[in-house]
Amino acid sequence: MTTTSSELCYLTISQAASLLRERQLSPVELTEAFLRRIAAVDGQLRAFVTLLPERAMEQARRTESEIQSGRYRGPLHGIPIGLKDLYDTRGILTTAMSRVTPDRIPDQDATTVAKLDQAGTILLGKLAMHEFALGGADPTSLFPPARNPWDLERIPGGSSSGSGAAVAAGLCMGALGSDTGGSIRGPASFCSIVGFKTTYGRVSNYGVVPLSWSQDHCGPMTWTVEDTALILQGIAGHDPKDPTTADVPVPDYSQSLVADIKGMKIGVPRRYFFESGPDVEPETLVAIEEALKVMTSLGAEVHDVEIPHIEYARPANQVIMMGEAFAFHEHNLKTRREDYGEMVRDRFLLGGLTTMGDYVQAQRVRQLIKDEMDQVLQEVDVMVTPTSPKPAPMLEGYSGASTLLGPSFTGPFNISGLPAISVPGGFTSSRLPIGLQIVGRPFDEPTVLRIAYTYQQASRWFEQRPPI
Amino acid sequence: MSMVESNSISIEHFKAISQHAGLEFTPAEMEHLLPLYQQFAEQLEMLHDPTLPLGLPAVTFKAEWDS
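Residues numbered from 1 in each chain as written. Chains lettered and ligands numbered in written order. Predicted model: local features only at pLDDT ≥ 70, side-chain atom pairs only at ≥ 80, totals over all residues. Heavy atoms only, no water.

Quick look at the interface of chain B and chain A
Opposite the 31 residues of chain B that make contact, chain A presents 33 residues. Sorting the residues of chain B by area buried against chain A places B:Phe40, B:Gln43 and B:Leu47 first, and these three jointly supply 23% of that buried surface. Viewed at the interface, chain A and chain B are joined by one salt bridge. Between A:Arg337 and B:Glu29 there is a salt bridge, with its nearest N and O atoms 3.0 Å apart. (Contact = heavy atoms within 4.5 Å. Buried area = accessible area lost by both parts, 1.4 Å probe. Salt bridge = Lys/Arg side-chain N within 4 Å of Asp/Glu carboxyl O.)

Structure (structure tokens):
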């Protein structure tokens, strides 16, 4: 292999898998390249909170021996990845970025972690996040906040902040994030990568520190749609340990990656997502309108659609999230409140101040909006929106208030549980990434992936890398 | 679509809400949390908006017993 170390870090999973399978690339060489790049740039990014160089190299050597002896397991075999630090990893520190659990070492793997291990991935380390997956980039949490590789003065989004930053900067080939109000799709949007929150019940949450049981979704974050399909294939499916998972057959996601959307119907819920006043950045809207033109030019039909009570999704998402989070953290909030970082503590305490009536109303509103989205998706194949109203904010002066106030373009699909992907959708004039969100019918991940892939191949935004 | 307007919440009212929830706050914590709660209360009030459709779904329970 004559590829340079830096080029190795910018291979996609799909490209690396072909080379590994054909024995043109050594998993040892690949893992070493990533460890070198992490050593070179992660001091600036702070994407990793626990690095596992010795373990990773041991895995890489074992992988090399397996592949050499003809025991190639599949497209994730030998692929270096990272995990958000709320995925339980047997024998490895799992802090959820909190001083409440600074030395927690689980005695078993999360189901998704075990599946990726079985598929042969190489774990480089655990990734930064917002404390307990809520609040914001809080300097008072256990580790310093991760930074955005497109602009180190900005946040990479959250709560899967390290996952977004690490994948974008070529510090790992893929990562797992978790998403309760947008925590996979937000960082994907801010870092110009792909992040997929699949249908509620599609991927097991077992062994993942919960934020809101009824809205938490685990999912992949990668450079391209193809790579997202590969990781999703590795983690999707019913899990007897997680009663919220659905016993629905898992299709072959890579088969859905056909660059053809002729005749597909795309719904645009313009009123809320495009006309929310000053909260929406004009350059974001221009980029998404351009994306819709691209889809039209590829043969899709674009229609305006209406979700009548979409404004109420934000409070429903928040109340359910904070109420369920308070229930999980109540004891610690009453006995060791000072161990929580300020941003997440505030939000958890607000959850404790909601009433039974608030929570019940939130659940009823949730059902109302879910029904309205079902109605829309009987008329169109998918909905398309911006992923975020604005590009990544500055770290300095960041209060996390945006996670409490203002419109959310991602949370509505946590309350409905519909599959929603964010793909790179362009850049502002200041070279900040913009994300495009595609939302599909329940368990119709293949259609979402197909449209995302078609747009990706036409737009080629994924070819641009951050200047770090 | 109308939104319910929020009223300002006094520190005494906030203290009562906190105590009802079983949470004890120091005066400094109360001062810090009250403005946030004030903002959050606007969202809570939206959920009780009387203009929401009368046919708003009920909370349901699916009895899925293992046989």
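Topic: the state of the cysteines
Throughout the structure, instances matching the rule amount to zero disulfides over all chains. Of all cysteine sulfurs in the structure, the one in A:Cys172 sits closest to A:Cys9, which takes part in no disulfide; the separation is 10 Å. (Disulfide = S-S within 2.5 Å.)

Structural notes on the nonpolar core
Buried together is how nonpolar side chains tend to be arranged in soluble globular proteins. Residues and elements named next belong to chain A. Within the largest apolar cluster, 160 residues are counted, with the highest numbers of intra-cluster contacts made by Met295 and Ile438. What Ile438 contacts, discounting residues up to four positions off in sequence, is Met295, Val382, Met383, Val384, Pro419, Ala420, Ile421, Val448, Ile451 and Ala452. Core analysis: the next-biggest nonpolar cluster, separate from the first, contains five residues, Ala137, Met343, Leu395 and Tyr398 among them. (Core = buried A, V, L, I, M, F, W, Y, C linked by side-chain atoms within 4.5 Å. Buried < 20%, exposed > 50% of the residue type's maximum accessible area, 1.4 Å probe, protein only.)

Here we look at the packing of helix H5 (residues 111–118) of chain A against helix H8 (residues 225–235) of chain A
All names here are of chain A. With their axes 8 Å apart at the nearest point, H5 and H8 run at an angle of 110° to one another. Here H5 is positioned roughly perpendicular relative to H8, judged by the angle of their axes. Judged by the sense of rotation from one axis to the other, the crossing of H5 with H8 is right-handed. Across the interface between the two elements, Thr112, Lys115 and Leu116 from H5 touch Ile231, Gly234 and Ile235 from H8. When grouped by side-chain class, the residues that make up the contact of H5 with H8 number three nonpolar, two polar and one charged. (Axes fitted to C-alpha atoms, helices over the stretch in contact; angles between N-to-C directions. Helix = DSSP H or I, 4+ residues; strand = E, 2+ residues; numbered from the N terminus. Parallel < 35°, antiparallel > 145°, perpendicular 65-115°, else oblique. Left-handed = near helix turned anticlockwise from the far one by under 90°. Nonpolar A, V, L, I, M, F, W, Y, C, P; charged D, E, K, R; others polar.)

Overview of the confidence of the model for chain B
Overall, the predicted model of chain B reaches an average pLDDT of 83, with 85% of residues at or above 70. With a pTM of 0.96, the predicted complex shows an ipTM of 0.87. (pLDDT = per-residue confidence, 0-100.)

Some remarks on helix H6 (residues 161–168) of chain A
All names here are of chain A. With eight of its eight residues buried, H6 lies for the most part within the structure. Those residues of H6 that fall on the buried side of the exposure criterion are Ser161, Gly162, Ser163, Gly164, Ala165, Ala166, Val167 and Ala168. Gly170, located one to two residues past H6, shows a positive phi value of around 70°.

Some points on the packing of helix H10 (residues 282–297) of chain A against helix H15 (residues 445–459) of chain A
Residues and elements named next belong to chain A. Orientation of H10 relative to H15, taken along the N-to-C sense of each, is 100°, at an axis distance of 10 Å. Between H10 and H15, the angle falls in the class roughly perpendicular. When H10 is examined against H15, the residues Ala291, Val294 and Met295 are found in contact with a partner set consisting of Ile451, Tyr455 and Ala458. Residue composition of the contact of H10 with H15, by class: six nonpolar, no polar and no charged.

Brief notes about the pattern of salt bridges
Residues and elements named next belong to chain A. Within the structure shown, the criterion is met by 19 salt bridges over all chains. Residues Lys126 and Asp85 are paired through a salt bridge, measuring 3.2 Å at the closest nitrogen-oxygen approach. Taken together, the positions of Lys126 in strand E3 (residues 122–127) and Asp85 in the loop between strand E2 (80–84) and H5 put the pair 41 residues apart, joining distant regions of the chain. Its relative accessible area of 0% is what places Lys126 among the buried residues. With a shortest N-O distance of 2.6 Å, Glu330 and Lys334 are connected by a salt bridge. Here the residue Glu330 and the residue Lys334 both occupy positions in helix H11 (residues 313–335), the gap between them amounting to four residues, near one helical turn. Among the ionic contacts, a cluster of salt bridges with common partners joins Arg270, Glu289 and Asp304.

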